[in-house]
Amino acid sequence: MKWFQKTKFMYSPISWQGFIIYLIGIIFLATVLLAIDRDSHSVSDTIYGIFPYFASTFLLIDWLASKTSRQ
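The structure displayed is predicted, hence computed values, not measured ones.

Enquirer: I keep staring at the overall build of the protein and nothing clicks. Help me out?
Expert: Summing up its helical and strand segments, the protein has two helices and three strands in all. Ordered by position from the N terminus, the helices and strands of the protein form the series β-β-α-α-β. For a compact globule of 71 residues, the expected C-alpha radius of gyration is about 11 Å, and the protein comes in at 14 Å, more than 25% above that figure. The C-alpha extent of the protein, read off along each of the three principal axes, is 45 × 20 × 15 Å. The buried share of the protein, taken over its 71 residues, is 27%. Looking at the protein alone, contacts between residues at least 24 apart form 44% of all its contacts between residues at least 6 apart.

Enquirer: Looking at this structure, I do not really get helix α1 (residues 16-39). What am I missing?
Expert: For an α-helix, 3.6 residues make a turn, and residues three or four places apart therefore share a direction. The end-to-end C-alpha distance of α1 is 35 Å, a good match for the 34 Å that 24 residues give at a rise of 1.5 Å each. What α1 keeps buried is the set Gly18, Ile21, Gly25, Leu29, Val32 and Ile36. Elements that come into contact with the buried residues of α1 comprise β1 (4-6), β2 (11-13) and α2 (43-67).

Enquirer: I tried to follow the side chain of Thr68 on my own but got confused; where do I start?
Expert: Topologically, Thr68 is positioned in the loop between α2 and β3 (69-70). The class of Thr68 is buried, set by a relative accessible area of 8%. Polar contacts involving the side chain of Thr68 include one to the main-chain carbonyl oxygen of Leu64, which spans 3.0 Å. When residues no more than four places from it in sequence are discounted, the contact partners of Thr68 are Met1, Lys2, Trp3 and Phe4.

About the thresholds
Residues numbered from 1 in each chain as written. Predicted model: local features only at pLDDT ≥ 70, side-chain atom pairs only at ≥ 80, totals over all residues. Heavy atoms only, no water. Helix = DSSP H or I, 4+ residues; strand = E, 2+ residues; numbered from the N terminus. Rg over C-alpha atoms; globule rule 2.2 N^0.38 Å. Buried < 20%, exposed > 50% of the residue type's maximum accessible area, 1.4 Å probe, protein only. Contact = heavy atoms within 4.5 Å. Expected span 1.5 Å × (residues − 1). Polar contact = N/O pair within 3.5 Å; in protein donor to acceptor, adjacent residues only side chain to side chain.

Function cannot be read off these values alone, since they describe shape.
Next up, the structure:
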């Protein structure tokens, strides 16, 4: 079961499961960005607010991709 392929700096999806994981991540991060940006007063408020969500989502997707990848 290989969902991703290792490229130079990241993992690329090669199956429909990989595309679904990326799509779920993008949808989640878009809703987080909209929710945090609605109450922010500056760009730095937005960046500080979204950083934990973006970092943990990218880390989770990278970990999952490394476990289900073709080298």
